[in-house]
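Listed below, chain by chain, are the residues.
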Amino acid sequence: MSRERPATERSLNELYRDDPERADALAWGRRGALKGAALASMGAALGASMPFGGKLPTGVIPAALAQAPAAAPAVLRMDGKAPLIVLGERPLVAETPETMLDDAVTPTDKMFIRNNGQIPTPFAGDPKTWRLKIDGEVNTPLDLTVGDLEARFPLVTMQLQLECGGNGRSAFSPETRGNQWGNGAISNAAWTGVRLRDVLAAAGLKDTARFTGQSGADPHLSGATDRASISRGMPIAKALDEDTLICTRLNGAAIPNIHGFPLRLVAPGWPASLSPKWFNHMVLLPVPHTGQGMGGTSYRLPVNPIVPGSNNDGASFADMTSMPVRSVLTNIAHGSRLPAGTRALDLRGAAWAGDLTVGAVHASVDFGATWVPMTVAAPANRHAWQRWEGRVTLPSDGYFEVWYRATDSQGRMQPHLAANWNPQGYGANPISRAAVLVG
Ligand SMILES: Nc1nc2c(c(=O)[nH]1)N[C@H]1C(S)=C(S)[C@@H](COP(=O)(O)O)O[C@H]1N2
Ligand SMILES: [Mo]
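Residues numbered from 1 in each chain as written. Chains lettered and ligands numbered in written order. Predicted model: local features only at pLDDT ≥ 70, side-chain atom pairs only at ≥ 80, totals over all residues. Heavy atoms only, no water.

### A closer look at the overall build of the chain
- Along the chain, the regular secondary structure elements total seven helices and 25 strands.
- Scored against the burial criterion, the 439 residues of the chain give a buried share of 51%.
- For the chain, long-range pairs separated by at least 24 residues make up 73% of all intrachain contacts whose partners lie at least 6 apart in sequence.
- Of the roughly 18,600 Å² that the chain leaves accessible, carbon and sulfur atoms contribute 53%. (Helix = DSSP H or I, 4+ residues; strand = E, 2+ residues; numbered from the N terminus. Buried < 20%, exposed > 50% of the residue type's maximum accessible area, 1.4 Å probe, protein only. Contact = heavy atoms within 4.5 Å. Areas by Shrake-Rupley, 256 points an atom, 1.4 Å probe, with all protein chains shown as cover.)

### Some points on the pairing of strand β14 (residues 279-285)
- Among the seven residues of β14, five are classified as buried, and the element is accordingly described as predominantly covered.
- Pairing of strand β9 (residues 211-216) with β14, which is carried by six bridges, proceeds in the antiparallel orientation. Counted as the bridge partner of Phe211 is Leu285 from β14. (Pairing = 2+ DSSP bridges.)

### Quick word on the nonpolar core
- Counting residues in hydrophobic clusters, the biggest one holds 33 residues, and the most contacted among them are Leu329, Leu347, Trp388, Tyr399 and Val402.
- For this core, the secondary structure elements donating two or more residues are α4 (63-66), β19 (344-352), β20 (358-364), β23 (386-393), β24 (398-408) and β25 (432-438).
- When residues of this core are assigned to domains, at least three fall in each of domain 1 (7-66) and domain 3 (326-438).
- For Val402, the residues in contact, after removing those within four places along its chain, are Leu329, Leu345, Leu347, Ser364, Val365, Ser432, Arg433, Ala434 and Val436.
- Membership of the second largest hydrophobic core comes to 28 residues, among which are Val138, Leu149, Ala267 and Leu274. (Core = buried A, V, L, I, M, F, W, Y, C linked by side-chain atoms within 4.5 Å. Domains from an automatic or database assignment.)

### Concerning the site of ligand 1
- Around ligand 1 there are 18 residues in total, and Phe112, Asn116, Asp218, Arg264 and Lys277 lie nearest to it.
- Interatomic distance of 2.6 Å between a side-chain N/O atom of Arg264 and an oxygen atom of ligand 1.
- Lys277 is positioned such that a nitrogen or oxygen atom in its side chain is 2.6 Å from an oxygen atom of ligand 1.
- In this structure, ligand 1 is accommodated by the largest cavity.
- Each residue belonging to the shell around ligand 1 can be placed in one class, and the counts come to eight nonpolar, six polar and four charged. (Near = heavy atom within 4 Å. Polar contact = N/O pair within 3.5 Å; in protein donor to acceptor, adjacent residues only side chain to side chain. 1 Å grid on protein atoms, 1.4 Å probe; cavity = no way out; pocket = protein on both sides within 12 Å on 5 of 7 lines; lining within 4 Å. Sits in = over half its atoms within 2 Å of the grid points. Nonpolar A, V, L, I, M, F, W, Y, C, P; charged D, E, K, R; others polar.)

### Describing the pairing of strand β5 (residues 131-136)
- Both β5 and strand β6 (residues 142-145) contribute to a ladder of four bridges, which runs antiparallel. Bridge pairing in β6 links Leu132 to Leu144.
- The loop that links β5 with its antiparallel partner β6 comprises five residues.
- Sheet topology places β5 next to β14; four bridges connect them, and they run parallel. When the bridges of β14 are listed, Gly136 appears paired with Leu284.

### A short note on empty space enclosed by the protein
- For the coordinates displayed, the defined rule picks out two cavities of 30 Å³ or more.
- What the largest cavity holds in volume is close to 290 Å³.
- Residue assignment for the lining of the largest cavity shows that the elements contributing at least two residues are β4 (113-114) and β9.
- Of the residues belonging to the lining of the largest cavity, the class tally is 10 nonpolar, 10 polar and four charged.
- Of the volumes computed, that of the second largest cavity is approximately 30 Å³.
- Residue lining of the second largest cavity: Asp355, Leu356, Thr357, Pro379, Asn381, Arg382, His383 and Ala384, and that is the complete set.
- In terms of residue class, the lining of the second largest cavity is made up of three nonpolar, three polar and two charged. (Points joined across faces, edges and corners; volume = space filled by probe spheres on them.)

### Remarks on the side chain of Ser187
- Tracing the sequence through the fold places Ser187 in strand β8 (residues 186-195).
- On the accessibility criterion, Ser187 (1% relative accessible area) is buried.
- Ignoring anything within four residues of it in the chain, the contact list for Ser187 reads Thr106, Met111, Phe112, Leu160, Gln161 and Leu162.

### Comments concerning helix α6 (residues 196-203)
- Within α6, the full set of buried residues consists of Leu196, Val199, Leu200 and Ala203. What you see down the axis of α6 is that its buried residues fit within an arc of 100 degrees, all on one side.
- Phi turns positive one or two residues past the end of α6, at Gly204, with a value near 80 degrees. (Arc of directions from axis to C-beta.)

### What about the pattern of salt bridges?
- Tallied over the full model, the rule gives 16 salt bridges.
- In this structure, the salt-bridge partner of Asp103 is Lys110, at a minimum N-O distance of 3.1 Å.
- A relative accessible area of 27% means that Asp103 is categorised as partly exposed.
- Taking the relative accessible area as the measure of exposure, Lys110 reaches 21% and is therefore partly exposed.
- The salt bridge partner of Glu401 is Arg433, with a shortest N-O separation of 3.0 Å. With a gap of 32 residues between them, Glu401 in strand β24 and Arg433 in strand β25 connect regions that are remote in the sequence. (Salt bridge = Lys/Arg side-chain N within 4 Å of Asp/Glu carboxyl O.)

### What about the sheet that holds β19?
- Spatial ordering of the open sheet is given by β17-β19-β23-β22, a layout of four strands whose pairing is antiparallel. The sheet terminates laterally at β17 (326-329) and β22 (375-376), the two strands that pair on one side only.
- Summarising the sheet, β22 and β23 pair through two bridges and their orientation is antiparallel. Along β23, the bridge assignment pairs Thr375 with Glu389.

### Some remarks on the sheet that holds strand β3 (residues 92-95)
- Across the sheet, which stays open at both edges, the four strands sit in the order β1-β2-β3-β4 with antiparallel pairing between neighbours. Taken across any chain shown, the strands that pair with only one partner, and hence form the sheet edges, are β1 (74-75) and β4.
- Note: strand β2 (residues 85-89) against β3, four bridges, orientation antiparallel. When the bridges of β3 are listed, Gly88 appears paired with Val93.

Given below as structure tokens:
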């Protein structure tokens, strides 16, 4: 059977051109729909020309329609911070738009914000007097000041990825609990600090020290003094990784209060919930930590896939470890309108893969029919993200989508759709799609 004109192109184009509201309701229900004028203009645009419409896979809705937020997002207004997208006010959570991630080293003002508890009042004392306690399965429990840390252990500076375990969550269908992140719960700043493993060596690990539990000084959201805002832990091997740092400086300056002044643990490449801000305590344990944010469905993934949308207590899930491969496009925003006659797009962005590196980044402007390899730079150091760039060409004016995907150093590629659905929405890293209208 041959089809002269793919049904997807004809029906979508014509439906959206003739009656976009109705077309959208038919195709999509209410979810993810553009509203009003935006819908009408994108509908008209789609009706006008979709040069690669014939390659649009059956069942795939144009990203301009599927990925547009229903309402204008709230914008963060905070001294020292860029206008991030506010996902939650209490606790304060704010995402960095992909186009704000265009710097090789993420400036402090552009770093996303994720709090679970209250934001503590800034430490008023001399930051060198802030104390960190290390206890549990160690020969010599430590109670060190920041001054002690800096005097006793070598200081290193590295670019480190910090990524929320829930980054990408909004890609899950059905929708899951939690902040509906796009791809912007990631930063790659320059952190200065001492190696956790040097400090643990000074404490002397007992053979029974197999896991950590770490926490910071922020009060629980309720104000209850007997509950931690969050307190997570990791296997000892991650604690002993030479890139896991106890940090005193961020991008060459004191850490701002919102990012953990004056002391922050950074365990890069794993869910950032393992990296307490306002860091003041680590306990070494013979068994996995049981603090707030451990167990059940928290930061845990199904070992055997579960039915999307189903209830599950997570008892058989496993803790998230290294974050999955992901990429961002940082110089062209989703929904951009470009001048008529534009026939080439220079693309650039970043990609990363937790503890691994990125082997390749590809982009497509024909709905994934053909892929163009991008040039991927080496990371500044292990656990830094990698910048990528490249060029794609367009045959004409019209509606296009830039699809971009990274492949990790073990050959795992971002999937077409979010996989391994779980109740709290971790690990979604599908191929991203930026809608672009030329002309
Ligand atoms: N003390 C403390 N540390 C914390 C959190 C928190 O709520 N309290 N949130 C964690 C989570 S879930 C994330 S994603 C990162 C966010 O770091 P940022 O706000 O500096 O970007 O901090 C982690 N460290
Ligand atoms: Mo997070």
